[in-house]
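Topology and contacts: notes
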Amino acid sequence: MNRFAGLLRAGVLCAAIAGLPPVAAEPYEADPDLAARDDDYAAGKKAAEQGDWSEAAQRFKRAERRHPEHADLQNMLGFTYRNLKDFGLAIKHYTRALEIDPRHRGAHEYLGETYLLTGDLAGARRHLSALRQICLLPCDELTELERAIAKHQSQR
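Residues numbered from 1 in each chain as written. Predicted model: local features only at pLDDT ≥ 70, side-chain atom pairs only at ≥ 80, totals over all residues. Heavy atoms only, no water.

Here we take up the overall build of the chain. Within the chain one finds nine helices and zero strands. Ordered by position from the N terminus, the helices and strands of the chain form the series α-α-α-α-α-α-α-α-α. In the chain, buried positions account for 40% of the 156 residues. For the chain, the exposed area adds up to about 9200 Å²; of that, 55% sits on carbon and sulfur atoms. (Helix = DSSP H or I, 4+ residues; strand = E, 2+ residues; numbered from the N terminus. Buried < 20%, exposed > 50% of the residue type's maximum accessible area, 1.4 Å probe, protein only. Areas by Shrake-Rupley, 256 points an atom, 1.4 Å probe, with all protein chains shown as cover.)

Pasting the structure below:
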């Protein structure tokens, strides 16, 4: 009977997992509709996609005046400043994103990668650990940070 109960539980678990929506290949956003509601945020994302980091920073800062408590916006500001090589501001905005939404996968990944850029392997590992707790199934952010840490360690 115990074996049957175990098989039954496994079957129920498989059915539940099969019913989950697929993991998106897009970067994680807690509020993917903000771009539709805020022209500056949308323009900032477009500038970031094109690698125009100065324009992205300008547009995201404008959007921040209207949405200071928006985790995705803080994450994008962090990403923008990281690409501008202003790691202090990048860390500030990623940290703020995580204060707003402690489970924000994108902020954990990007902050971990920023810590690697500044030589803080322990900081990167803390965010990898957080992603392991958040992503019950493998997620892109977890995989990307694992790869970045492995690459960082192989270059030492």
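Take the packing of aromatic side chains next. Under the counting rule described, the total for this entry stands at four aromatic pairs. When the centroid spacing of 5.5 Å and the interplanar angle of 75 degrees are considered together, the rings of W53 and F79 count as edge-to-face. Of this pair, W53 sits in helix 4 (residues 53-66) while F79 sits in helix 5 (residues 71-83), and the two are 26 residues apart along the sequence. For the pair shown, W53 and F79 are each scored as buried. Chaining the aromatic ring pairs together yields one cluster made of W53, F79, Y94 and Y110. Directly above the aromatic system of Y115 lies the positively charged group of R126, at a separation of 6.0 Å from the ring centroid. (Phe/Tyr/Trp six-rings, centres within 6.5 Å; stacked < 30°, edge-to-face > 60°. Lys NZ or Arg CZ within 6 Å of the ring centre and 35° of its normal.)

Let us look at the environment of A71. With respect to the helices and strands, A71 occurs in helix 5. According to the relative accessible area criterion, A71 is buried, its value standing at 7%. Sequence separation between A71 and P102 is 31 residues; the distance between their C-alpha atoms is 9.3 Å. Those residues in contact with A71 that sit more than four places away from it in its chain are A97, I100, D101 and H104. (Contact = heavy atoms within 4.5 Å.)

The values are spatial; any link to function lies outside them.
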